[in-house]
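Observations on the model geometry
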Amino acid sequence: MKTQHILFVFICILITACNTQNKALPVESGVAKTLAEYRKENISNLEYNLSFTIPETREQNITGTNTIAFKLLSTNQDLQIDFREDVSLINKIICNGENSAYHHESEHLIIPKRELIKGENKIVIKFTAGNTSLNRNDEFLYTLFVPDRARTAFPCFDQPDLKAKFILSLSVPKNWKAIANGKIESVQENNEKTLYKFLKTEALPTYLFSFVAGKFETITRERNGHKHTMYHRETDANKLANNTDEIFRLLFESLDWLEDYTDIPYPFAKYDIVVIPSFQYGGMEHTGATLYNASKMFLDKNATQNSLLSRANLIAHETSHMWFGDLVTMKWFDQVWLKEVFANFLADKITNPSFPDINHKLKFEMAHFPSSYSIDRTTGANPINQILPNLKDAGSVYGSIIYHKSPIVMDMLEKITGEQALQKGLQNYLKTYAYGNASWEDLIGILDKSTDSNLSQWSKVWVDKAGRAHITSDLTEENGKISELTLTQSDANGNPGKWNQNLKLILGYADKTIGLSVALDKPEVNVTAAKGMDLPEYIIPNGAGNAYGFFKMDTRTKQFLLKDIHKVKDDLQRGIAWINLYENLREGEIKGKDFLLAAEKQVSIEKNTLILSRILSYLKSVYWLNISTNERKQFGKHLEESLWIRLAQEKNMSNKSSLYSALSNIAESKSRLDQLYAVWKDEIAIGGFSLSENKATALACNLAIKIPEKADEIVTIQIERIKNADSKKKMQFIAPALSAEKQVRKEFFASLHKAENREIERWVLDALRYLNHPLRENDALNYLPEELELLKEIQVTGDIFFPYNWLSAAYGGLQSKEAGDITRKFLEEHPNYPENLKLKILQAADLVLKK
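Numbering of residues starts from 1 in each chain and follows the order in which that chain's sequence is written. In keeping with the predicted nature of the model, local features appear solely for residues at pLDDT of at least 70, side-chain atom pairs appear and are counted solely at 80 or more, and the whole-chain, interface and lining totals rest on all residues. The basis for every side-chain value is the complete set of heavy atoms in the structure, and neither hydrogens nor water enter the calculation.

**Brief notes about the sheet that holds strand 9 (residues 140-142)**
Criterion used throughout: strands pair if DSSP finds at least two bridges between them. Labels follow the DSSP assignment, with helices taken as runs of H or I lasting at least four residues and strands as runs of E lasting at least two, numbered in each case from the N terminus. Read across the sheet, 3 strands follow the order 9-14-11 without closing on themselves; strand pairing throughout is antiparallel. Only two strands of the sheet have a single neighbouring strand rather than two, namely strand 9 and strand 11 (177-180). Sheet twist, expressed as the mean angle between neighbouring strand axes with direction ignored, is 5°. Alignment of strand 11 against strand 14 (residues 211-214), held across 4 bridges, turns out to be antiparallel. Counterpart to Ala 180 in the pairing with strand 14 is Phe 211. In this analysis, axes come from line fits to C-alpha atoms, helices being fitted only over the stretch in contact, and the angle between any two N-to-C directions falls in the range 0 to 180 degrees.

Structure representation (structure tokens):
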């Protein structure tokens, strides 16, 4: 009887398992994780053979054929192929030699399971490509499929853990060039067309598949017997001459460093780069055809040190992706940060030798902490590791946390494991999962073997938890001596917190500093080593730059730093002190005018280029957003004079460029605007400093807003001056946003409701910033409700950074309580608003929501 019962239970389990297995997968819009997991289990040996016919005019359709070959483990489900376009764009589907009885549902082509075969399958799809992610311009196009946009162009399995080999052919206009992931196999000219055929790639996820076609010029250099080609549209011969050699030097330096660090030769067939005008991002790591933003690569002659550093870091970042992201890819976009953390973390290491005179610890501090804090100080803060049930929302996981907090956390991890152990662990990780997929947990499993620390527990705090610790120094004195010094940490709401980290607490005196090592491993720590010491003039709890959080200043420290921060002699400590001061301003501990006056004083005497650049960045923000109109009138003219004097005296061209940028940004007085107008007209010069075309255009835009009676004249002349065709088109696009006529600006904003008018996102964002300039806040408030209403659509039609950048441009000139009220009303009226977009609103609107 007992045996019969066991048999009965076993049969029931089998029946249940079979029923579960045969239960039809839901058909949902986007790419649901449940669908992705099923496909990953059942599909292997995936290959796409794609061909596209590209016409010369952007109004004509691009047609294509996709032959999908794969091995199928089970035929118990209909096959869902992702295609986020109208079914009318599908011309024909042949499945395993027969016409398919497919249908289209919720962004998927459904192939009936009866047409499928266990084992090898071949599906041929003839289609018209969707234009959403083809970035079609008059003379060129480029694909940008991250994170889930390949399905807008052609039918595919659009998920990162279904890697495939790609074979591609492109038929393009005769005078166009074509570039793709693979090497060119053959080029055939035929009447008005040229057919490019590309060799099969290594296994790639769909988001890394890419091609570019159009009118480009090429420059080729050789490294270790391999040719590397740069495709570009730059027409300024001087810019090419001034930048080309350095671009290739930085590229080759990055490749050499990464091959040595990873112990893996460059893992793909080629590494060519394409420099795109007004590209949405800084770069995109497509293997074999990596895209870069022209403005980030072709720098002006008088480029700032920050611009030079930024370019070096950008090239190192994208090159690092060839190993971290391309060779080994995250399994799902909830861990997209896994590729970004190594790209940023290693980029900082790669670029260090190119800038031997720079304090690289200070550089790391300035590059990552302010950007990360800009999100973690808000009520919309998100953790590094995020939840993502559907890839249609993958764009929302991007932001400063994954690009800037994750390298900070990785730096902490390296200090725990040691540099060599981390390097060996990463080599093991790359070799184990080469051309495949891996997770953060896979890496932690490898690294855990080389340390006694509990990395899994550490990860829960720093990777899975949002926000930052609020750390307060409480000092009591007796007879001019410290009787007790306590550090307490809490979350933003005052609840006791526990972000385990090591601090180097700096006690500052007139003639020295004393550093005390503190293990902040509980909510309250008594710094016993400080007892009996003289009372310091200031305290910097994070003096080594190895701690993360909001460090609330005591009154004594606050007063000293606002008045005498230049007396902090160590550059790293002084840089950290500036970041702490600004964060105390944003948390309401310091008044805007006090910060502004301190910044103005230090502008005159700060010698360190990185710190000066950071002060000027803060100064511009505080001038427009943290003081009132009356205070601007009270302090503005004197501030302009201080900047002009330092600008005129400055010998360092990088500093001079930063000072000029700050002056042109904040200038409001008639005399200063007249002076800048004369500079723009080439009637006067700033000693030793000349305006490039880009700087002259930026100045023209600034002056058009601030001297409205001359706006039409300034814009018209500047358009005529611009020589580069792509730059001229951009200026023509944004011209209505610069108009002195409210109605013209209003009509331009209304035009942005149409997706086709938002195609070139960098143009749109620049125009939106001009529409919402602080001097136009009253008008900008009228746009804000519509900007918020458009956000969901913008997430669907725009690229990954566009939703947050749209919000940043919308709120960038706003500081009034009314803007906060509009935001609160919108959120109250939309109680079920998507959480991912709600967080973006809370991040961008942080300043006005605190009014």
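What follows picks up the thread again.
**Remarks on a negative patch on the surface**
A patch consists of residues whose relative accessible area exceeds 30% and which take part in no salt bridge; residues with like charges are grouped when within 9 Å of each other, and nonpolar side chains (Val, Leu, Ile, Met, Phe, Trp, Tyr) when within 5 Å. Each accessible area is a Shrake-Rupley estimate made with a 1.4 Å probe; only the visible protein chains count as cover when residues are assessed. When a carboxyl oxygen of Asp or Glu is within 4 Å of a side-chain nitrogen of Lys or Arg, the pair counts as a salt bridge. The charge count includes Lys and Arg as positive and Asp and Glu as negative, but it does not include His or the ends of the chains. A charged residue contributes its charge at one atom only: NZ of Lys, CZ of Arg, CG of Asp or CD of Glu. Judged by side-chain charge, Glu 786, Glu 789, Glu 828 and Glu 829 come together as a negatively charged surface patch. Of all elements in the fold, only helix 24 (777-789) and helix 27 (817-829) reach the threshold of two or more residues within the negative patch. The topology assignment puts Glu 786 in helix 24.

**Brief notes about the sheet that holds strand 6 (residues 103-105)**
One open sheet holds the 3 strands; their spatial order is 3-7-6, and the pairing between them is antiparallel. Strands at the two margins of the open sheet, each flanked by one partner only, are strand 3 (79-82) and strand 6. Pairwise comparison of adjacent strand axes, ignoring direction, gives a mean angle of 35° for this sheet. In this sheet, strand 7 (residues 108-111) lies alongside strand 3 in antiparallel orientation, the contact comprising 4 bridges. Residue pairing for strand 7: Ile 81 is matched across the bridge by Leu 109.

**Things to note about empty space enclosed by the protein**
For cavity detection a 1 Å grid was placed over the protein atoms alone, and a set of points counts as a cavity when a 1.4 Å probe fits there but cannot get out; an open set counts as a pocket when protein lies on both sides within 12 Å along at least five of seven lines, with lining residues being those that have an atom within 4 Å of a point. Grid points are joined across faces, edges and corners, and a volume is the space filled by probe spheres set on the points. If you walk through the whole model with that rule in mind, you get 6 cavities of 30 Å³ or more. Taken as a whole, the largest cavity encloses approximately 50 Å³ of empty space. In terms of lining, the largest cavity is formed by Tyr 38, Arg 39, Asn 42, Ile 43, Leu 72, Ser 74, Gln 77, Asp 78, Leu 79 and Leu 116. At 3 residues, helix 2 (residues 33-42) tops the list of elements feeding residues into the lining of the largest cavity. Only Asp, Glu, Lys and Arg are considered charged, only Ala, Val, Leu, Ile, Met, Phe, Trp, Tyr, Cys and Pro nonpolar, and every remaining residue, Gly among them, polar. Among the residues forming the lining of the largest cavity, the class breakdown is 5 nonpolar, 3 polar and 2 charged.

**Comments concerning unusual backbone geometry**
Cis peptide bonds are those with omega within 30 degrees of zero, and the linkage from Val 146 to Pro 147 qualifies with -5°. Its place among the elements puts Pro 147 in the loop between strand 9 and strand 10 (165-173). One non-glycine residue, Asn 479, adopts positive backbone phi at about 55°. With respect to the element layout, Asn 479 can be found in the loop between strand 22 (470-478) and strand 23 (481-490). On the accessibility criterion, Asn 479 (73% relative accessible area) is exposed. Classification of residues uses two cut-offs on accessible area relative to the type maximum, computed with a 1.4 Å probe and protein chains only: under 20% is buried, over 50% is exposed, and between them is partly exposed.

**Notes on the pairing of strand 7**
The alternating pattern of strand 7 places His 108 and Ile 110 on one face and Leu 109 and Ile 111 on the opposite face, and all of these are buried. The sheet contact formed by strand 6 and strand 7 spans 3 bridges and is antiparallel. Each bridged residue has a counterpart across the sheet, and for His 104 the counterpart in strand 7 is Leu 109. Here strand 6 folds back onto strand 7, and the loop between the two strands holds 2 residues, one of which, Ser 106, carries a positive phi near 45°.

**Description of the packing of helix 26 (residues 802-811) against helix 28 (residues 835-844)**
Here helix 26 crosses helix 28 at 35°, and the two axes come no closer than 9 Å. In terms of crossing hand, the pair formed by helix 26 and helix 28 is right-handed. Side by side, helix 26 and helix 28 meet where Tyr 804, Leu 807, Ser 808 and Tyr 811 of the first sit next to Lys 840, Ile 841, Gln 843 and Ala 844 of the second. For the contact of helix 26 with helix 28, the per-class residue count stands at 5 nonpolar, 2 polar and 1 charged. By convention the crossing between two helices is left-handed if the near helix lies anticlockwise of the far one by an angle smaller than a right angle, and right-handed if it lies clockwise. For this analysis, residues touch if any pair of their heavy atoms sits within 4.5 Å.

**Topic: helix 28**
Counting buried positions along helix 28 gives 8 out of 10 residues, so the element sits mostly inside the fold. Along helix 28, the positions that sit buried rather than exposed are Asn 836, Leu 837, Leu 839, Lys 840, Ile 841, Leu 842, Gln 843 and Ala 844. Buried-residue contacts for helix 28 involve helix 7 (360-376), helix 24, helix 25 (791-797), helix 26, helix 27 and helix 29 (846-849).

**A word on the environment of Cys 701**
When you line up the elements, Cys 701 lands in helix 19 (residues 693-706). For Cys 701 and Glu 37, which are 664 residues apart along the polypeptide, the C-alpha to C-alpha distance reads 50 Å. Not counting the four nearest positions on each side in its chain, Cys 701 is found in contact with Met 731, Ile 734, Leu 738 and Tyr 770.

**Thoughts on the environment of Tyr 271**
Looking at the secondary structure, you find Tyr 271 in strand 17 (residues 271-276). A relative accessible area of 1% means that Tyr 271 is categorised as buried. Residues Tyr 271 and Ile 722, spaced 451 residues apart in sequence, show a C-alpha to C-alpha distance of 32 Å. Excluding residues within four positions of it along the chain, Tyr 271 makes contact with His 228, Leu 251, Leu 255, Tyr 266, Gly 288, Thr 290, Tyr 292, Glu 318, Thr 319 and Met 322.

**A closer look at the confidence of the model for the protein**
Counting all residues, the mean pLDDT for the protein is 95, and 97% of those residues have values of 70 or more. In this model residues 9-20 is a low-confidence stretch, pLDDT under 50, and it forms 0 contacts with partners more than four residues away in sequence or in other chains. As a per-residue quantity, pLDDT reports the predictor's confidence and falls between 0 and 100.

**Points about the packing of aromatic side chains**
Only rings of Phe, Tyr and Trp enter the pairing, Trp through its six-membered ring, and a pair is recorded when the two centres are within 6.5 Å. The plane angle decides the type: under 30 degrees is stacked, over 60 is edge-to-face, the rest tilted. Considering all chains together, one arrives at 46 aromatic pairs under this definition. An angle of 70° between the planes, with centres 6.1 Å apart, marks the rings of Tyr 266 and Phe 268 as edge-to-face. The pair formed by Tyr 266 and Phe 268 is uniform in burial state, with each residue classed as buried. Seen from their ring centres, Tyr 373 and Tyr 548 are 4.9 Å apart, and the 45° between their planes marks the pair as tilted. Residue Tyr 373 is located in helix 7, and its partner Tyr 548 is located in the loop between strand 27 (538-540) and strand 28 (550-552); the two are separated by 175 residues in the primary sequence. Of the two residues examined, Tyr 373 and Tyr 548, each falls in the buried class.

**With respect to the nonpolar core**
What is meant by a nonpolar core is a set of buried Ala, Val, Leu, Ile, Met, Phe, Trp, Tyr and Cys residues, joined one to another through side-chain atoms within 4.5 Å. One finds Phe 52, Phe 154 and Tyr 811 to be the most contacted residues of the largest nonpolar core, which totals 276 residues. With 11 residues, helix 15 (residues 609-625) is the single largest residue contributor to this core.

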